[in-house]
Each structure stands twice: as structure tokens, then as C-alpha cells.
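# Remarks on the overall topology
In case you want the letters, here they are:
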Amino acid sequence: MYVGALTLDILLGDVHSLKQKRSVVRPIVAEVQRRFPAVAVAETGHLDLHRRTEIGIAVVSATAANCDAVLNDCERLVAFHPEIELLSARRRLYNEDED
């Protein structure tokens, strides 16, 4: 069994408050959950900054290739949004044999 983790560091566009930030981030998180019901997704960082956010995505699969494919699709879906700029994407793949 493999667990894939993806962390997306995101710069938000014309956002001037935490309330505006939520109005941008929540729909993105909801869209990832809707399109990929088998993944876990949440805002995981930069919670106190209004122009930055970090979104974490995790998936469990029987194969490393499937983990990688799902994470690639999730990254593409988030990066497609014109109101954000994807600054970096960090991924990690764990398997059950690792300690």
C-alpha cells in the first residue's frame, strides 16, 4: 500500500482580507473533494496570511503509479484556477515497508 502526499504553496490574487481568502480557498478545496472523492484535502498552512495559503492533499493506493497519477491530476486541477498562482508543489510517496 502506498500513501501519496502533495503540498501546494499558493499565492492568492486580489485578496485583501481573511474573509476574501476563504471565499477563494474553500471552493478550490471543495472542487478537489468533489472531483476526487478518494483523496483527503484541506488548507494546511499560512492560515494567518491573507494572500498566501497551503493546501495539503493525501491519497492511499495499492500502486505508486496510481498515487502519482491522482496527485498529478489534483495539482493540475488547482493550478488551472486563474485567481491563484501555484508557487510550489512538494510531493512525497510513502509505502508500508518504510519505517
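Here the structure is a predicted model, which means the values were calculated and not measured. (Residues numbered from 1 in each chain as written. Predicted model: local features only at pLDDT ≥ 70, side-chain atom pairs only at ≥ 80, totals over all residues. Heavy atoms only, no water.)

## Quick word on helix α2 (residues 64-79)
Definition in use: Per the convention used, a helix needs a DSSP run of H or I reaching at least four residues, while a strand needs a run of E reaching at least two, with both numbered from the N terminus. Expected helix span is taken as 1.5 Å per residue step, with the number of steps being one fewer than the number of residues. Accessible area is worked out with a 1.4 Å probe on protein chains only. A residue is then buried under 20% of its type maximum, exposed over 50%, and partly exposed in between. By arc we mean the arc of the directions from the helix axis to the C-beta atoms, nothing more. Note on contacts: a residue pair qualifies if any of its non-hydrogen atoms lie within 4.5 Å across the two residues.
Under the 1.5 Å per step criterion, the end-to-end length of α2 is 22 Å for 16 residues, consistent within 8% with the ideal 22 Å. When α2 is considered as a whole, its buried residues turn out to be Cys67, Val70, Leu71, Cys74, Leu77 and Val78. What you see down the axis of α2 is that its buried residues fit within an arc of 120°, all on one side. In α2, those exposed residues whose orientation departs by more than 90 degrees from the buried face are Ala65 and Arg76. Here the buried face of α2 lies against β1 (2-12), α1 (18-35), β3 (52-61) and β4 (84-95).

## Side note on the pattern of salt bridges
Pairing between side chains of opposite charge can happen when the charged atoms of each approach one another. What counts, and what does not: A carboxyl oxygen of Asp or Glu within 4 Å of a side-chain nitrogen of Lys or Arg is what we treat as a salt bridge.
For the coordinates displayed, the defined rule picks out six salt bridges. Notably, a salt bridge pairs Arg90 with Glu54, separated by 3.4 Å at the nearest N-O pair. Here the residue Arg90 occupies a position in strand β4, and Glu54 occupies one in strand β3, the gap between them amounting to 36 residues. We classify Arg90 as partly exposed; its relative accessible area is 42%. In this structure, the salt-bridge partner of Glu75 is Arg91, at a minimum N-O distance of 2.7 Å. In this pair, Glu75 is assigned in helix α2 and Arg91 in strand β4, connecting sequence segments 16 residues apart. Shared partners join several salt bridges into a network, and the residues in it are Asp68, Glu75 and Arg91.

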